[in-house]
Amino acid sequence: MKKNILSPILVFSLIVSMAGCAYYFKEQFSLYSIKVDQLAGIKLEKEQTFRIARAQPLRIFRPPRVVPDFAVFAAAALKATMQINVDSIESRKKPVPESMREDAKKVDTIELLAGSYIKDAYLLGEMAAFGHVSTTLTARLLSVYNALVTYGKPSRNSSQLKDTVKMALVENSDVTYFEMMITFEDTLSAFPDVAITFLSLIEELNVTQEQKVAYFSAYLNRKLSQRKTAMDEERDHSIALALEKLRRQGIDESRIKKIVDNFIDQNGDTPHQRRQALLLSNTYRPEPTDGEWLDSDSGE
């Protein structure tokens, strides 16, 4: 009688499968059993960003929205499962000073939790790609916050994590503001959707009115893109939002007029570009009281 050699193989396969399942559920339980208050009290410091020049983040690969969500999410979940170890996780982005080591572990855990809660391929790709702009702990939290804010199918867990991340950013307002300002051009160039999220976040930070005015004004102290893509449209949208929020700061209308006039002057190279600048600013800028702006609008 021939010995059936398949039986040992089947038994071995079954054992391996059961061991794999046990490991998976153990790690998932470890991940999901983390309490949000364990992640509170993060202390951020101003770090060297090691950011890439503005032209380079524009060329990085980011998954298009047509990529099946389940495929990217499955890959991210597998990566998280293999790497998570709450007790001994090390910073995966770059070495940090000893004083920041514990906070870096919390940021690692927040990223892994976000990767488990967010089942959106594009947002997961954006989180990873934002590392080309800055690798600091603050930038990583900002990236997670953007993903959680824009996620279209929030859950109780994701909403709770979003509030926790926001609290950490607000409690470290000076460092958060510093990071947002020094990476402003790179963010707006390569991630205008993230810049739009930052426009709302800046209002929540405990910084001075002048700092907020400086941030909002930065959106108008720039040239518009000559080409038209979806990203350019988001940048244009951010300009209109920044001007709207600038007016909410209660500063003099004459000061807003100077900012808007400077924006129009910077985009006066061609009639088309000037018209575009006028169109973006006409809705929100102060009404002309002496005919000066109407005269300038009609001349090209």
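Residues numbered from 1 in each chain as written. Predicted model: local features only at pLDDT ≥ 70, side-chain atom pairs only at ≥ 80, totals over all residues. Heavy atoms only, no water.

A. Structural detail: the overall build of the protein chain. Helix and strand counts for the protein chain come out as 14 helices and 0 strands. Of the regular secondary structure in the protein chain, the N- to C-terminal order runs α-α-α-α-α-α-α-α-α-α-α-α-α-α. When the 300 residues of the protein chain are sorted by exposure, 46% land in the buried category. Pairs at least 24 apart in sequence give 76% of the contacts found in the protein chain among residues at least 6 apart. For the protein chain, the computed accessible surface area is about 16,100 Å², with 57% contributed by carbon and sulfur atoms. (Helix = DSSP H or I, 4+ residues; strand = E, 2+ residues; numbered from the N terminus. Buried < 20%, exposed > 50% of the residue type's maximum accessible area, 1.4 Å probe, protein only. Contact = heavy atoms within 4.5 Å. Areas by Shrake-Rupley, 256 points an atom, 1.4 Å probe, with all protein chains shown as cover.)

B. Inspection of the nonpolar core at higher detail. In terms of nonpolar packing, the biggest core is built from 68 residues, with I118, L141, L161, V165 and Y215 touching the most fellow members. Broken down by element, this core gets its largest block of residues, 8 residues, from helix 5 (residues 137–150). With residues near it in sequence (within four places) discarded, L141 still touches I42, L44, V107, I110, V165, A168 and L169. (Core = buried A, V, L, I, M, F, W, Y, C linked by side-chain atoms within 4.5 Å.)

C. The arrangement of helix 3 (residues 101–117) in detail. Taking 1.5 Å of rise per residue, 17 residues should cover 24 Å, and helix 3 covers 25 Å from first to last C-alpha, within 8% of that figure. Of all 17 residues in helix 3, 14 are buried, a share of seventy percent or more. (Expected span 1.5 Å × (residues − 1).)

D. Looking closely at helix 10 (residues 209–218). Among all positions in helix 10, only K212, V213, Y215, F216, S217 and A218 are buried. In this structure, the buried side of helix 10 is in contact with helix 7 (173–182), helix 8 (184–190), helix 9 (192–204), helix 11 (230–247) and helix 12 (253–266).

E. Layout of the packing of helix 5 against helix 7. Look at helix 5 against helix 7: their axes get within 10 Å of each other, and the N-to-C directions meet at 85°. By the angle between their axes, helix 5 is roughly perpendicular relative to helix 7. On the side of helix 5, the interface is formed by T138, A139 and L142, while helix 7 contributes V175, T176, E179 and M180. Grouping the amino acids of the contact of helix 5 with helix 7 by side-chain chemistry returns 4 nonpolar, 2 polar and 1 charged. (Axes fitted to C-alpha atoms, helices over the stretch in contact; angles between N-to-C directions. Parallel < 35°, antiparallel > 145°, perpendicular 65-115°, else oblique. Nonpolar A, V, L, I, M, F, W, Y, C, P; charged D, E, K, R; others polar.)

F. Examining the pattern of salt bridges more closely. Across all of its chains, the model carries 11 salt bridges by this definition. A salt bridge links R255 to E210; the nearest nitrogen and oxygen atoms lie 3.0 Å apart. Of the two residues, R255 sits in helix 12 while E210 sits in helix 10, which places them 45 residues apart along the sequence. The class for R255 is partly exposed, based on a relative accessible area of 33%. Put simply, R247 and E253 hold a salt bridge, and the shortest N to O gap is 3.0 Å. The exposure class of E253 is partly exposed, given its relative accessible area of 37%. (Salt bridge = Lys/Arg side-chain N within 4 Å of Asp/Glu carboxyl O.)

G. Seen up close, the packing of aromatic side chains. A complete count under the given rule lists 5 aromatic pairs for this structure. Residues F184 and Y219 carry aromatic rings whose centres are separated by 4.8 Å and whose planes lie at 80° to one another, so their mutual orientation is edge-to-face. One end of the pair, F184, is in helix 8; the other, Y219, is in the loop between helix 10 and helix 11, and 35 residues separate them in sequence. Their ring planes at 65° and their centres at 6.2 Å tell us that Y215 and F216 sit as a pair that is edge-to-face. The pair formed by Y215 and F216 is uniform in burial state, with each residue classed as buried. (Phe/Tyr/Trp six-rings, centres within 6.5 Å; stacked < 30°, edge-to-face > 60°.)

H. Spatial organisation of the confidence of the model for the protein chain. Residues with a pLDDT of 70 or more make up 66% of the protein chain, whose mean pLDDT is 76. Per-element averaging of pLDDT across the protein chain places helix 14 (residues 292–298) at the bottom with 42 and helix 7 at the top with 96. The low-confidence segment residues 80–92, where pLDDT is below 50, has 28 contacts with residues more than four positions distant or belonging to other chains. This stretch, residues 284–300, has a pLDDT under 50; its non-local contacts, to residues over four places away or in other chains, come to 28 contacts. (pLDDT = per-residue confidence, 0-100.)

I. Fine view of the environment of S158. Considering the arrangement of structural elements, one finds S158 in helix 6 (residues 156–171). According to the relative accessible area criterion, S158 is buried, its value standing at 4%. It is 9.1 Å that separates the C-alpha atoms of S158 and S116, two residues lying 42 residues apart in sequence. If near-sequence neighbours (up to four positions away) are discounted, S158 is found in contact with Y117 and L148. A polar contact of 2.7 Å, which involves the side chain of S158, links it to the backbone nitrogen of S155. (Polar contact = N/O pair within 3.5 Å; in protein donor to acceptor, adjacent residues only side chain to side chain.)

J. Quick peek at the environment of E234. Assignment of secondary structure puts E234 in helix 11. The partly exposed category is assigned to E234, whose relative accessible area is 31%. The sequence separation of E234 and I196 amounts to 38 residues, and the corresponding C-alpha distance is 8.0 Å.

K. Geometry of the side chain of Q276. Along the chain, the position of Q276 falls in helix 13 (residues 271–282). A distance of 3.0 Å separates polar atoms of two side chains, one belonging to Q276 and the other to D236. In this view, Q276 contacts L224, S225, K228 and D236; residues no more than four positions away in its chain are not counted.

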